[in-house]
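# Structural overview
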Amino acid sequence: MTHDLVPISSATVPGRFADDEKTCKNLCPAAEATLFSYRNPGEDMNQAVSINGQPYSSSPNAFKYRTEFNPSCACKAAGQTWSDALKTIDDKAAAEQQG
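Here is a short report on the structure shown in this document. (Residues numbered from 1 in each chain as written. Predicted model: local features only at pLDDT ≥ 70, side-chain atom pairs only at ≥ 80, totals over all residues. Heavy atoms only, no water.)

## Overview of the side chain of D20
As a reminder of what qualifies: Per the convention used, a helix needs a DSSP run of H or I reaching at least four residues, while a strand needs a run of E reaching at least two, with both numbered from the N terminus. Should any heavy atoms of two residues lie within 4.5 Å, those residues are counted as being in contact.
Its location among the elements puts D20 in helix 1 (residues 17-27). The residues touching D20, leaving out its near neighbours within four places in the chain, are I8, T12 and L35.

## A closer look at the packing of aromatic side chains
Quick reminder of the rule: Stacked, tilted and edge-to-face are the three classes applied to pairs of Phe, Tyr and Trp rings, where Trp contributes its six-membered ring and a pair requires centres within 6.5 Å; stacked means planes under 30 degrees apart, edge-to-face means over 60, and tilted covers the rest. Residue exposure (1.4 Å probe, protein chains only): buried if accessible area is under 20% of the type maximum, exposed if over 50%, otherwise partly exposed.
On inspection of all chains with the given rule, the structure shows 2 aromatic pairs. Here the aromatic rings of F36 and Y56 are separated by 5.1 Å at their centres, their planes lie at 75°, and the arrangement is edge-to-face. Here the residue F36 occupies a position in strand 1 (residues 36-37), and Y56 occupies one in the loop between strand 2 (49-50) and helix 2 (82-85), the gap between them amounting to 20 residues. Taking the relative accessible area as the measure of exposure, F36 reaches 17% and is therefore buried. Taking 4.9 Å as the distance between ring centres and 90° as the angle between the ring planes, the aromatic pair formed by Y56 and F63 counts as edge-to-face. Assigned by exposure class, Y56 and F63 land together as buried. Here the aromatic cluster, defined as three or more aromatic residues joined through ring pairs, consists of F36, Y56 and F63.

In structure tokens, the structure reads:
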């Protein structure tokens, strides 16, 4: 299940979208994460599209968070600590610093 609506920044620019999507994926390692954006001001999630052009509204789980809570839709696996869930981020950051 795609995790819905983790805000990144209202001031980002298209040139940063790939990095912002990477941040989404890193913050929710147990979920399928996709970055969706819309023009601000003037649009909202109804006009949001992925960096590949897929409209958020066409996603099978679009807006479900408004009507239901699904405990399986989480950023970490059931029973997993946040420390364990985010360990891969720490490992990647250490590798990037080393070269």
